[in-house]
Amino acid sequence: MNRGFVKENQTFISIVHRCSDIFSIVVSFYIAKAIFAPKFVSIAYSFSLISSILIAFWLYSELGLYRTWRGESRVKEISVSFYAWTVNQTAVVGVFFIFGMANYIGKTFYTAWYLIGLFTFLFIRILIRSLLNHFRSQGYNVRQVIILGDGDVAQELACRIYKAPWTGYKILGNFGDEIIANTSRLGDFNDISSFLDKESSKIDQIWIALPLSDEHLVEQILVSLKNTTKTVRYIPDMKGFQLINHSVSEVAGLPVINLSMTPITGLNRFVKSLEDKILAFLILIMISPLMIFIGIGVKLSSPGPIFYRQERVSWNGKRFNMLKFRSMPVDTESTSIKWGSSKDKAVSNFGKFIRRTSLDELPQFINVLKGDMSIVGPRPERTIFVNQFKNEIPGYMQKHMVKAGITGWAQVNGWRGDTDLSKRVEYDLYYINNWSIWFDLKIVFLTIFKGFINKNAY
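Definitions and limits used
Residue numbers restart at each chain and count upward from 1, following the sequence in its written direction. Since the coordinates come from a predicted model, pLDDT governs what is reported: local features require at least 70, and pairs of side-chain atoms require 80 or more to be given and counted, while whole-chain, interface and lining totals use all residues. Heavy atoms throughout the structure, all of them, feed into the side-chain values; hydrogens and water do not. By the criteria applied, helices consist of DSSP H or I runs no shorter than four residues and strands consist of E runs no shorter than two, each listed in order from the N terminus. Relative accessible area decides the class of each residue, using a 1.4 Å probe on protein chains only: under 20% of the type maximum gives buried, over 50% gives exposed, and in between gives partly exposed. Strands were regarded as paired on the criterion that DSSP finds at least two bridges between them. For Phe, Tyr and Trp, rings pair up if their centres lie within 6.5 Å, where Trp contributes its six-membered ring, and each pair is then called stacked (planes under 30 degrees apart), edge-to-face (over 60) or tilted (otherwise). One less than the number of residues in a helix, times 1.5 Å, gives the span that helix is expected to have. Note that the bend at a residue is defined as the angle between axes fitted to the seven residues ending at it and the seven residues starting at it.

K.L.:
Would you mind going over unusual backbone geometry with me for this structure?
P.N.:
Even without being a glycine, serine 358 presents a positive backbone phi close to 65°. Locating serine 358 in the fold gives a position in the loop between helix H9 (349-356) and helix H10 (364-370).

If you want it as structure tokens, here you go:
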């Protein structure tokens, strides 16, 4: 039963959010000022507060903070909120410089304002979201939904909604040839129009859950819905598609479903590059004595150069020379190249040690500084094998939608060396589809403890 409380257009909750956002800005400002700049009575401080409020009024709305988040990921809302507050404060700094007021604001105060404001902003957002979820799970503001479809996606949709009452959706039933779990069958697709004529007042939304291949059926259904004023949503069944970072966007005013796209675009690309450059620089400084020792060991173990250069394939199929400490005699692979024969290669005793401990991979931090690689990403393969595997392993080329990495999700889970390539690709695609800075840091952390020495490393 729908008990009202908050309407779908969320006018009330939008006002609550706007007021709480201004509250966060003002409260965090005065807390930071009271602690770090209590004696300063500069016009610059008042100007910064007013600027932040004015920017928030425009920016937060543009970023979609005041749209309905019903049923969406809490992490996504927090991410957008974090981004909004950071851009707000960055814009305030920009205003300072434009008006020549940067020297009139204490850096310690501003840093404290940013951190206190971020905590306050996110805390209030999470609190409001939790309260809304609680009320919806208790039967307030429920949206009555009918599903048009009976396939796998319709079944999964109904199951997820049934297990997540906090979303505030209730499935009344479905139209199709078969009944779906946790609901009842209301008829076949030909009964939709007559049902809407009689029961339209009882439903709020209509969800079409059909495969993309059923375009004629979808078109027929849309014709039957031409007179409805209800919200209609299409949840396409994409089973069988190899989807990477799929989403919905807009091109020239037309809706576009992105089936496969790299997550490393725009701000993400800048942040990922910054992460790589900073970490690689710091790591190279720390390991430079170790690299000198290994270089001497390589030189003494067998004649030839210290580094081994091998052509590999990275982002968008770009080729580059990957660096390693040489572990084999020169020209070992001059006669034949065979994948999966690491154990059979002629390796010096010192070479066995640095391969077993992955110390031969350390020069690749130089590749990261050069921009050829990333610290975290799918491991790159040689060109000859890429041309072979792309026709043998489903989704293999999609791993090149991000830069190749020194370590990756597959490697910290044990899929390295001569292990199953299909499983490695599966883990690589999972990484791409779920990429975030926090995921990168998690992989780096796991690499430190279990990524260097591995039974599959040769």
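K.L.:
I'm lost on the pairing of strand E9 (residues 319-325) in this one. Help?
P.N.:
Every other side chain in a regular strand lies on the same face of the sheet, so the side chains alternate between the two faces. By the criterion of burial, E9 is predominantly enclosed, with five of the seven residues buried. Where strand E8 (residues 307-313) lies against E9, seven bridges are found, and the strand directions are antiparallel. Looking at E9, one finds that glutamate 311 is bridged to asparagine 321. Linkage of E8 to E9, two consecutive antiparallel strands, is achieved through a turn of five residues, within which asparagine 316 is found at a positive phi near 60°.

K.L.:
Where do I start with the packing of aromatic side chains in this structure?
P.N.:
Where two aromatic rings form a pair, the distance of their centres and the angle of their planes describe that pair. Evaluation of the coordinates by the stated rule reveals 18 aromatic pairs. Seen from their ring centres, phenylalanine 29 and tryptophan 113 are 5.2 Å apart, and the 75° between their planes marks the pair as edge-to-face. Of this pair, phenylalanine 29 sits in helix H1 (residues 11-36) while tryptophan 113 sits in helix H4 (residues 107-137), placing them 84 residues apart in sequence. This pair shows no difference in class: phenylalanine 29 is buried, exactly as tryptophan 113 is. Ring geometry for phenylalanine 119 versus phenylalanine 123: centroids 6.1 Å apart, planes at 15°, classification stacked. With phenylalanine 119 and phenylalanine 123 both in helix H4 and four residues apart, this pair spans about one turn of that helix. Judged by its relative accessible area of 48%, phenylalanine 123 falls in the partly exposed class. Members of the aromatic cluster, each reached through a chain of ring pairs, are Phe29, Tyr30, Phe109, Tyr110 and Trp113.

K.L.:
Help me understand helix H2 (residues 43-62) in this model?
P.N.:
Since there are 3.6 residues in each turn of an α-helix, residues three or four apart along the chain are aligned in direction. A rise of 1.5 Å per residue sets the reference length of H2, with its 20 residues, at 28 Å; its end C-alpha atoms lie 29 Å apart and thus fit the reference within 8%. At alanine 56, H2 is deflected by roughly 35°, the largest bend along its length. Taken together, the buried positions of H2 are Ala44, Tyr45, Ser48, Leu49, Ser51, Ser52, Ile53, Ile55, Ala56, Leu59 and Tyr60. Following H2 by one or two positions, glycine 64 adopts a phi angle in the positive range, close to 85°.

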